[in-house]
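Per-entry structural report
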Amino acid sequence: MCGIVGYIGSREAYPILIKGLKRLEYRGYDSAGVAMLQDGNITLIKEKGKVSDLEGLASSSNKSGSLGIGHTRWATHGPPNQVNAHPHASQSGDIVLIHNGIIENYATIKSVLTSKGYIFRSDTDTEVLVMLIEEIQKNEKCDIAKAVRLALNEVTGAYAIAVFSKKEPDVLIGARKGSPLILGIGEKEFFLASDASPVIEYTKKVVYINDEEMVVLQRNGEFELKTIQNERKTPYIQELELKLEAIEKGGYEHFMLKEIHEQPKSIYDSVRGRVDIENGKIKLGGLEEYENRIMNSRRIIIVACGTSWHAGLLAEYMIEDLARANVEVEYASEFRYRNPVIDKEDIIIAISQSGETADTLAAIEMAKKQGCLILGICNVVGSSIPRASDAGCYTHAGPEIGVASTKAFTSQVSVLFLVALWIAENKGTLSKSRIQEYLTELELIPSKIETILSETESQIKAIAKEYKDASNFLYLGRGYNFPAALEGALKLKEISYIHAEGYPAAEMKHGPIALIDDEMPVVFLVNNSSAHEKTISNVQEVAARKGQVIAIANKGDKVIAGMAKHVIEIPETEDALSPILASIPLQLLSYYIAIERGCNVDQPRNLAKSVTVE
Ligand code: G6P
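Quick caveat: nothing in here was measured; it's all calculated off a predicted structure.

**Considering the packing of helix H4 (residues 126-140) against helix H5 (residues 144-152)**
Where H4 meets H5, the axes come as close as 8 Å, and the angle between the chain directions of the two elements is 120 degrees. As summarised for this structure, H4 and H5 are arranged oblique, according to the angle between their axes. Note on packing geometry: the crossing formed by H4 with H5 is right-handed. Here Leu129, Leu132, Ile133, Ile136, Gln137 and Glu140 of H4 come into contact with H5, specifically with Ile144, Lys146, Ala147, Val148, Leu150, Ala151 and Leu152.

Spelled out as structure tokens, the structure:
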């Protein structure tokens, strides 16, 4: 949550900050602000709402300066208004700071500072930190870098910050603990950002700042990396592989639609190089080192949040079904606080698109202390979860910018399917020929998705028009289709604000059936599977109560055609892979319903893509 950008060099900072903030807006869009330094004066401009609102406000102001910081906020402490927007200034106005994270002991520090005469203007924890830096600098009579370092030793919680002082116009400081921060290194210029997207068009040289590290960046091109305990570190400079096109809309109206259409490629990229059909083998280089430990583990515990949790639920079905290994799936937030019985016999698989989700990160830190092996399945290279894991696999879906996850989900499922097959191969629970069949089918998934996209999109647009005013939706499926139903319901909720519930189709009669009347759309996933007949019985139960059945079914399914109001046809595939195909029409349905309702698809209200607070 919250995106931060900083610049020091010889260019104008404002355009770099604004462009960067627009790219980081997926991290929060409650308010935005910038601060630039020019001729010893700080220009501070901030506004409630989106970066475009900030631009509107800033249009008539002087925005010059080649040192600056910018922030886009997802509110934690204090409502999303202009006063609470970042940057926050110190009492004297000499120091400005932006922050992503939560300062947990802010109340104690605030009361000490208040007793010393500091007057707080906002409700934020961030303002406390900038005031503390000023107080320390006053007492220690030190430079800004030392004051920041000492202040960070007094705070508990999570932070990624960028800060500068008008008294030291050639210095920009960044630091992190628990929230991501990247340093981009150009020719006598530096960039700080929450991820690589604001940096990519200026430089490919980056340093991923580690927890409790800070960088002191000088305008003359020199910089220092050290810990907040003042220990110097040698920066590990890496080359970014990200391409600019990957973070632009490429002609699509929304990132979400672009990302839905990218799925044939993102799945292909996730699977590429990991499959050897001829020999019926799966190559997961990231896991090989721990093969024995994984195969001999007592239990695999999957921890994740949101959409990644749905991928985790599918992984449980796949690993138990194909590899006969014992799996549990946990919401990371519950797992970390419920005192679970775990030890070194257990393997943790943490699934996360961003690799930054605070609860997932905390869950794996907790499991690590109990001796568990930690495997990360993440999309963002170099993010915190892969770095905190012992081993793992990247999903290679490419940058996902739409807040509602689409291509990251199907890539996660594809990679987890490979993990299931890899365990099955090693444990000998599937024959070589069966593995070959599965792998062959996996390779066909991208082209089957192409077919779904080209054949169903206009039909789904029409269905969306018909149901755009519904106030509730039910999504039902059995077996592998149940997690897919949960994900379909989540997509609709997230971007159209229609209440939607996913349920195991057979459980419907234990409650949700009471909701069904002639106005209730019920999306059934009836494709494929041994559960087809049973699911059809559930469709009948809904149809008998005049529910509006929208079915996702396989081509040529005559049984469902006679019962459902709408049938969206998808190609057949293996049971375990059917959720990937079923997800495509579900994503399109939620997208087009949200469009019909005039919702902001890429930036749904109250949500953020990367949830770095508990
Ligand atoms: C947020 C996002 C979801 C995402 C979840 C977990 O809620 O809006 O789309 O599924 O976080 O994020 P992760 O990055 O850990 O997959």
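**Observations concerning the packing of helix H3 (residues 106-115) against H4**
The interhelical angle for the contact between H3 and H4, taken along N-to-C directions, is 50 degrees, at an axis separation of 10 Å. Taken together, the axes of H3 and H4 are oblique relative to one another. Once H3 is placed against H4, the crossing between them reads as left-handed. Counting all contacts with H3, which are made through Tyr106, Ile109, Lys110 and Leu113, the residues of H4 involved are Val128, Met131, Leu132 and Glu135. Tallied by class, residues from the contact of H3 with H4 come to six nonpolar, no polar and two charged.

**Here's the deal with the domain arrangement of the chain**
Here the domain parsing of the chain yields domain 1 (3-246) and domain 2 (255-596). Each partner contributes residues to the interface: domain 1 has 10 residues there, and domain 2 has nine residues. Contact between domain 1 and domain 2 buries roughly 850 Å² in total, counting both sides, with carbon and sulfur atoms accounting for 49%. Among the residues of domain 1 in contact with domain 2, Tyr26, Tyr208 and Ala246 are the three that bury the most area, contributing 48% of the side total. Counting across the interface, domain 1 meets domain 2 through zero salt bridges. Counting every contact that joins domain 1 to domain 2 gives three residue pairs in polar contact (both at pLDDT 80 or more). Each residue belonging to the side of domain 1 that touches domain 2 can be placed in one class, and the counts come to seven nonpolar, one polar and two charged.

**Topic: unusual backbone geometry**
Look at the link from His86 to Pro87: it is a cis peptide, with omega at 0 degrees. Assignment of secondary structure puts Pro87 in the loop between strand E4 (67-73) and strand E5 (88-89). At Glu212, a position not held by glycine, the phi torsion is positive, near 65 degrees. Its place among the elements puts Glu212 in the loop between strand E11 (205-208) and strand E12 (213-218). The backbone of Asn339 shows a phi angle near 55 degrees, a positive value even though the residue is not glycine. By secondary structure assignment, the location of Asn339 is in the loop between helix H11 (332-337) and strand E20 (346-352).

**Brief notes about empty space enclosed by the protein**
Going through the model one piece at a time under the given rule, you end up with three cavities of 30 Å³ or more. Of the voids in this model, the largest cavity is the one considered here, and its volume is about 90 Å³. Residue lining of the largest cavity: 14 residues in total, with Cys2, Trp74, Thr76, His86 and Gly101 positioned closest to the centre. No other element matches the three residues that strand E6 (residues 95-103) contributes to the lining of the largest cavity. Size it by volume and the second largest cavity reaches roughly 40 Å³. Lining the second largest cavity we find Leu287, Ile294, Ile300, Ile347, Ile349, Leu375, Val419, Trp422 and Ile423. Among the elements that take part in the lining of the second largest cavity, helix H14 (residues 407-427) stands out by supplying three residues, more than any other. Its residues assigned to classes, the lining of the second largest cavity shows nine nonpolar, no polar and no charged.

What counts, and at which threshold
- Residues numbered from 1 in each chain as written.
- Predicted model: local features only at pLDDT ≥ 70, side-chain atom pairs only at ≥ 80, totals over all residues.
- Heavy atoms only, no water.
- Axes fitted to C-alpha atoms, helices over the stretch in contact; angles between N-to-C directions.
- Helix = DSSP H or I, 4+ residues; strand = E, 2+ residues; numbered from the N terminus.
- Parallel < 35°, antiparallel > 145°, perpendicular 65-115°, else oblique.
- Left-handed = near helix turned anticlockwise from the far one by under 90°.
- Contact = heavy atoms within 4.5 Å.
- Nonpolar A, V, L, I, M, F, W, Y, C, P; charged D, E, K, R; others polar.
- Domains from an automatic or database assignment.
- Buried area = accessible area lost by both parts, 1.4 Å probe.
- Salt bridge = Lys/Arg side-chain N within 4 Å of Asp/Glu carboxyl O.
- Polar contact = N/O pair within 3.5 Å; in protein donor to acceptor, adjacent residues only side chain to side chain.
- 1 Å grid on protein atoms, 1.4 Å probe; cavity = no way out; pocket = protein on both sides within 12 Å on 5 of 7 lines; lining within 4 Å.
- Points joined across faces, edges and corners; volume = space filled by probe spheres on them.

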